[in-house]
Amino acid sequence: MDFPTPQMIDVNGVTLEVFSAGSGTPLVLCHGWPEHAYSWRYQIQPLVEAGYHVIVPNQRGYGNSSRPEAVTDYDIEHLTGDLMALLDHFGYQQAAFVGHDWGAIVVWNLAMMHRDRVSAVANLSVPFMQRGASEWVGFWEQMLGGDFYIVHFNRQPGVADEIFAGNTKQLLNNLYRTNQWLYPPVDLGPGMNMINMATSPALADGMPGDPLMSEADMQVFLDAFAISGFTGGINWYRNFSRNWQIIGAYEQKIHQPTLMIYGNYDMVPKSDNLEEFVDDLSVHSFPCGHWIQQERPQDTNRVLLQWLGEKYPA
């Protein structure tokens, strides 16, 4: 099937560009950074054929969706509120949610903050983030330094946004790679790795590894970021400290049936204690990197459909 035609839907004070297909049991797919609803292109048709109404938003800050000015408009209350309002728009009390990367962070928090409206949770790459004694950005700054990308996004607002917008093709071409673990690691030099990745003349033809997608698929992402820029998506990161405060009011436990899919070569580390925070957990790992559902679409669909059939049948 072709990728669905978008609808512009007003929710929670913003307008979201939403791609949906099928009818039946609702299932919402939540993309990460720096991505787009199109990241789920391999999952939509199999899920529709299995009997699900598949709803795939470009979340606030992405594509043709709204890009509010205030940084705090991208905190976890707003991001989860958008998804709840999206359910309201379609007339659903509950749904299952699937997240990748930042989308997974949103879905983990959604399951805690709106427990009665989340039937099941499937997350890729990013496990549940334990809320420690100190807020995350300061902790990462202490442990990893000021050039760690999330710290840089917070401590040097606007810098990465502008550089990424001016070097989008090189940035995405170097981020969207697979099989890079088969090659010696690249020394990106001093400074913030992603900025170096976006600007280094030595990397103009691509990092080691294979391109994740065709040029035609890449153009979808390039066109989207030409519209949106990067500030909206990066503003999600600029709310990590605020989110740490917000979620302190909620039980740090996932009670819904949960599927976790890891990539064995992902830069995001696996959790060694996820079962302490999740009551009903299934875990799978694939021999891939970070872009799990795009690198291993058939494996992702097989595991997801099997789990959905058991925990959230259409």
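None of these values were measured; they are calculated from a predicted model.

Peer 1: Talk me through a nonpolar patch on the surface; I want residue IDs and the actual numbers.
Peer 2: A cluster of nonpolar side chains, F139, M143 and L144, forms an exposed patch at the surface whose accessible area comes to about 320 Å². Relative to the assigned elements, M143 resides in helix α4 (residues 136-144).

Peer 1: Hey, could you go over the sheet that holds strand β9 (residues 254-263) for me, with residue numbers and the actual values?
Peer 2: Taken together, the eight strands give an open sheet; going across it, the order is β1-β2-β4-β3-β5-β6-β9-β10, and neighbouring strands pair in mixed fashion. Two strands bound the open sheet, and with one partner strand each, they are β1 (6-11) and β10 (278-286). Here the strands of the sheet are splayed against their neighbours by 25 degrees on average, with no regard to which way each runs. Sheet strands touched by helix α2 (residues 76-90): β1, β2 (14-21), β3 (25-30), β4 (52-58) and β5 (95-100). Its angle to β1, the strand with the most contacts, is close to 110 degrees.

Peer 1: An account of the packing of α2 against helix α3 (residues 102-113) is requested, with residue identities and associated values reported.
Peer 2: With their axes 10 Å apart at the nearest point, α2 and α3 run at an angle of 80 degrees to one another. Taken together, α2 and α3 sit at an angle that is classed as roughly perpendicular. Two secondary-structure elements touch here, α2 through I76, E77, L79, T80, L83 and M84 and α3 through W102, V106, N109, L110 and M113. Within the contact of α2 with α3, the residues separate by chemical class into eight nonpolar, two polar and one charged.

Peer 1: Would you mind going over the pairing of strand β6 (residues 118-124) in detail, with residue names and values included?
Peer 2: Most of β6 sits inside the fold, with seven of its seven residues counted as buried. Looking at chain direction, β5 and β6 are connected through six bridges and run parallel. Within β6, the position partnered with F97 by the bridge is V121. As for the winding sense of the linkage, the β-α-β connection from β5 through α3 to β6 is right-handed.

Peer 1: With reference to specific residues and values, describe the packing of helix α7 (residues 168-175) against helix α9 (residues 215-228).
Peer 2: Any two packed helices are characterised by the angle at which their axes cross and by the distance between the axes. Orientation of α7 relative to α9, taken along the N-to-C sense of each, is 135 degrees, at an axis distance of 10 Å. In terms of their interaxial angle, α7 and α9 are classed as oblique. At the point where α7 passes α9, the crossing takes the right-handed sense. Between α7 and α9, the contacting residues are T168, K169, L172 and N173 on the first element and M218, F221, L222 and F225 on the second. The residue makeup of the contact of α7 with α9, split by class, is five nonpolar, two polar and one charged.

Peer 1: Lay out the nonpolar core in plain terms, naming residues and giving numbers.
Peer 2: With 104 residues, the main nonpolar core has W33, F97, F164, Y176 and F240 as its most contacted residues. Counting residues per element, this core draws most heavily on α3, which supplies 10 residues. Here W33 is in contact with Y62, D101, W102, F153, F164, M194, F230, G233, I234, Y237 and W291, once residues within four sequence places are set aside.

Peer 1: I'd like a description of the packing of aromatic side chains, backed by residues and values.
Peer 2: All told, the structure shown has 28 aromatic pairs when counted by the stated rule. Taking the centre distance of 5.7 Å and the plane angle of 70 degrees together, the rings of F164 and F230 count as edge-to-face. Taken together, the positions of F164 in helix α6 (residues 159-166) and F230 in the loop between α9 and α10 (231-237) put the pair 66 residues apart, joining distant regions of the chain. Of the two residues examined, F164 and F230, each falls in the buried class. Of note, R131 hangs over the ring of W244, and the distance from its end group to the ring centre comes to 3.9 Å.

Peer 1: Run through α4, naming residues and quoting values.
Peer 2: By the burial criterion, the buried members of α4 are W136, V137 and W140. In an axial view of α4, the angular spread of the buried residues amounts to 95 degrees, which keeps them on one side of the axis. Looking one or two residues beyond α4, the residue adopting positive phi is G145, at roughly 90 degrees.

Peer 1: I'd like a description of the state of the cysteines, backed by residues and values.
Peer 2: The tally for this structure, following the rule as stated, stands at zero disulfides. Here C30 stays free of any disulfide, with the sulfur of C288 as its closest cysteine sulfur at 19 Å. Assessed through its relative accessible area of 0%, C30 is described here as buried.

The rules behind each value
Residues numbered from 1 in each chain as written. Predicted model: local features only at pLDDT ≥ 70, side-chain atom pairs only at ≥ 80, totals over all residues. Heavy atoms only, no water. Patch = residues over 30% accessible without salt bridge, like charges linked within 9 Å, V, L, I, M, F, W, Y side chains within 5 Å. Areas by Shrake-Rupley, 256 points an atom, 1.4 Å probe, with all protein chains shown as cover. Salt bridge = Lys/Arg side-chain N within 4 Å of Asp/Glu carboxyl O. Helix = DSSP H or I, 4+ residues; strand = E, 2+ residues; numbered from the N terminus. Pairing = 2+ DSSP bridges. Axes fitted to C-alpha atoms, helices over the stretch in contact; angles between N-to-C directions. Contact = heavy atoms within 4.5 Å. Parallel < 35°, antiparallel > 145°, perpendicular 65-115°, else oblique. Nonpolar A, V, L, I, M, F, W, Y, C, P; charged D, E, K, R; others polar. Buried < 20%, exposed > 50% of the residue type's maximum accessible area, 1.4 Å probe, protein only. Right-handed = clockwise from strand over helix to strand, strands pointing away. Left-handed = near helix turned anticlockwise from the far one by under 90°. Core = buried A, V, L, I, M, F, W, Y, C linked by side-chain atoms within 4.5 Å. Phe/Tyr/Trp six-rings, centres within 6.5 Å; stacked < 30°, edge-to-face > 60°. Lys NZ or Arg CZ within 6 Å of the ring centre and 35° of its normal. Arc of directions from axis to C-beta. Disulfide = S-S within 2.5 Å.

All quantities given are derived from atomic positions and should not be read as evidence of function.
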